[in-house]
Amino acid sequence: MDSKLFFRVVHPEGKGLWYNKDAEFTQEIVKLDLSCANLEMNHNEECTGGFSSCTDSLDSLFDWFGREELFKLKENGYDICIFNSEEYKFHEKHKHFLFKTEGSLLVEKINII
């Protein structure tokens, strides 16, 4: 499989917005009161095994989070990161990509302020 660039909101402590690195629902997205908190992100087998939700373009990430929300995320320690990965798949039900974080290369952190 060819490598591909992916965009993801990342916390340096591994806190996910929906799930932590142990696949436990954290409700962080609800606590931060983000508009996408109501998006269905049910835990399912397709998203396990080290795969994380992402987009394949910065524009698509902006479809998930508005400008003010990105500022709120930054204030709470999150960054927008670009990863290069050779292991990825498309989540048909939710219409977004998943990439395997282990073995992926962090290409860049984007300054959102």
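The structure reproduced in this document is the subject of the present report. (Residues numbered from 1 in each chain as written. Predicted model: local features only at pLDDT ≥ 70, side-chain atom pairs only at ≥ 80, totals over all residues. Heavy atoms only, no water.)

Next up on the list: the sheet that holds strand S2 (residues 51-54). Pairing within the open sheet is antiparallel, and its three strands lie in the order S2-S5-S4. Every interior strand has two partners, whereas the edge strands, S2 and strand S4 (88-91), have only one. Along the sheet, successive strands turn relative to each other by an average axial angle of 30°, direction set aside. Note that S4 and strand S5 (residues 96-100) share four bridges and pair antiparallel. By the bridge assignment, Lys89 is partnered in S5 with Leu98. (Pairing = 2+ DSSP bridges. Helix = DSSP H or I, 4+ residues; strand = E, 2+ residues; numbered from the N terminus. Axes fitted to C-alpha atoms, helices over the stretch in contact; angles between N-to-C directions.)

Our next topic: the pattern of salt bridges. One pass over the structure, following the stated rule, counts four salt bridges. Ionic pairing is found between Glu92 and Lys95, a salt bridge with its closest N-O pair at 3.1 Å. One connected set of salt bridges, linked through shared partners, spans Lys74, Asp79 and Lys109. (Salt bridge = Lys/Arg side-chain N within 4 Å of Asp/Glu carboxyl O.)

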